[in-house]
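Letter by letter, the chains look like this.
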Amino acid sequence: MTGGDFPNPSSTSSEKLEKQFEEFRHHLQESGNLRERIRAVATEIDSVTRLIYASLLLVHQSRPVAEVIEKAKSQVGVLKELYRGLSDIIRECPGQYYRYHGDWKSETQTVVSLLAFMHWLETGTLILHNEVEEKLGLTPTEFGLDVDDYLIGICFMSNELPRYVVNQVTAGDYDCPRKVLKFLTDLHAAFRMLNLRNDFLRKKFDGMKYDLRKVEEVFYDVKIRGLAANGDSAGEKQVQGES
């Protein structure tokens, strides 16, 4: 048998290597194109949230809540359409939700915070996880709202409340601190039920304590000045119980 009858190991190895990296190149190109499409939608979501936030800022200037919310709500339908588009993109790569999740999670946390603030202004209560999904047209089985994104968004929302309280007191609403104190106390107590890891969510939750304390200080200041209603509020009693 001559040497030419044997296959060339070096040639076979090179072909396998080239084939493997050609597959890698194709895979990375597809992934990159998909990520660009996702980021394009995320950028549009960010633009809409800026419009909503700009509208909600007017509530700190003692503008009528109904007027402020009506303008902000006009953009919620736009968000719903954008999330529908995002869901369609992710549907093209089944099982890859968390691979690309980082490309829209920051925008989604902001969306949750704004929806939560609007809901609180209307009802004085916390918007639930499934209610956010419903407003955005999300379905848990296909493209749902990540729990961490929801919780972080709620923490962001609490950051708006101390400023709101101060402005409302300045405008003469001396009962606002009591209402907000009760809400934040209940929210803080609910978060304490969770076993949070030492990560970003934990840091945001720790920041909620400062929001609570700021509102508490305003409440006590109003009470000491004799501007608040007589009698201990439920919120005050709960805070004292946790201290």
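Look a little higher up for the structure.
Residues numbered from 1 in each chain as written. Predicted model: local features only at pLDDT ≥ 70, side-chain atom pairs only at ≥ 80, totals over all residues. Heavy atoms only, no water.

Draft legend 1. Inspection of the overall build of the protein at higher detail. In terms of regular secondary structure, the protein is built from 11 helices and zero strands. Going from N to C terminus, the protein has its helices and strands arranged as α-α-α-α-α-α-α-α-α-α-α. Here the protein holds 243 residues, and 39% of them are scored as buried. Of the contacts formed within the protein by residues at least 6 apart in sequence, a portion of 74% connects residues at least 24 apart. As displayed, the protein has an accessible area near 14,000 Å², and 52% of this comes from carbon and sulfur atoms. (Helix = DSSP H or I, 4+ residues; strand = E, 2+ residues; numbered from the N terminus. Buried < 20%, exposed > 50% of the residue type's maximum accessible area, 1.4 Å probe, protein only. Contact = heavy atoms within 4.5 Å. Areas by Shrake-Rupley, 256 points an atom, 1.4 Å probe, with all protein chains shown as cover.)

Draft legend 2. Examining the packing of aromatic side chains more closely. In total, this model carries 11 aromatic pairs according to the counting rule given. Aromatic pair F191 and F205: ring centres 5.6 Å apart, planes at 10°, arrangement stacked. With a gap of 14 residues between them, F191 in helix 9 (residues 176–191) and F205 in helix 10 (residues 200–224) connect regions that are remote in the sequence. As far as burial versus exposure is concerned, F191 and F205 are alike and both buried. (Phe/Tyr/Trp six-rings, centres within 6.5 Å; stacked < 30°, edge-to-face > 60°.)

Draft legend 3. Quick peek at helix 7 (residues 147–158). The terminal C-alpha atoms of helix 7 lie 17 Å apart, and with 12 residues this matches the ideal 16 Å at 1.5 Å per residue to within 8%. In terms of burial, helix 7 is a largely internal element, nine of the 12 residues being buried. Taken as a whole, helix 7 has its buried residues at D149, Y150, L151, I152, G153, I154, C155, M157 and S158. Those residues of helix 7 hidden inside the fold are in contact with helix 5 (105–123), helix 6 (129–136), helix 8 (161–170), helix 9 and helix 10. Measuring from the backbone nitrogen of D148 back to the side-chain oxygen at the start of helix 7 gives 3.1 Å, which picks out D146 as the cap. (Expected span 1.5 Å × (residues − 1). Polar contact = N/O pair within 3.5 Å; in protein donor to acceptor, adjacent residues only side chain to side chain.)

Draft legend 4. Structural view of the packing of helix 8 against helix 9. It is the contact of helix 8 with helix 9, at a shortest axis distance of 9 Å, that shows an interaxial angle of 165°. Relative to helix 9, the element helix 8 lies roughly antiparallel. Seen along the crossing, helix 8 lies across helix 9 with a hand that is right-handed. When helix 8 is examined against helix 9, the residues L161, Y164, V165, Q168 and V169 are found in contact with a partner set consisting of C176, P177, V180, F183 and L184. Along the lines of polarity and charge, the residues of the contact of helix 8 with helix 9 split into nine nonpolar, one polar and no charged. (Axes fitted to C-alpha atoms, helices over the stretch in contact; angles between N-to-C directions. Parallel < 35°, antiparallel > 145°, perpendicular 65-115°, else oblique. Left-handed = near helix turned anticlockwise from the far one by under 90°. Nonpolar A, V, L, I, M, F, W, Y, C, P; charged D, E, K, R; others polar.)

Draft legend 5. Up close: the environment of P140. Among the secondary structure elements, P140 is positioned in the loop between helix 6 and helix 7. For P140, a relative accessible area of 65% translates into the label exposed. P140 sits 10 residues away from N130 along the chain, and the two C-alpha atoms are 9.0 Å apart.

Draft legend 6. Fine view of the packing of helix 7 against helix 10. As a packed pair, helix 7 and helix 10 sit with axes 9 Å apart at the nearest point and diverge in direction by 25°. In terms of axis orientation, helix 7 runs roughly parallel to helix 10. Crossing of helix 7 against helix 10: the hand is left-handed. Mapping the contact onto sequence places D148, L151, I152, C155, F156 and S158 in helix 7 and F200, L201, K204, F205, M208 and D211 in helix 10. Class assignment of the residues belonging to the contact of helix 7 with helix 10 gives a composition of eight nonpolar, one polar and three charged.

Draft legend 7. View of the nonpolar core. Of all hydrophobic cores here, the largest spans 64 residues; its most connected members are L56, W104, I154 and F191. It is helix 5 that provides the largest number of residues to this core, a total of nine residues. Apart from the residues lying within four places of it in its own chain, the contact partners of F191 are L151, I154, C155, L201, F205 and M208. (Core = buried A, V, L, I, M, F, W, Y, C linked by side-chain atoms within 4.5 Å.)

Draft legend 8. Quick look at helix 9. Compared with the 22 Å implied by 1.5 Å per residue over 16 residues, the 23 Å span of helix 9 between its first and last C-alpha is a close match. All buried positions along helix 9 are accounted for by C176, P177, V180, L181, F183, L184, T185, L187, H188 and F191.

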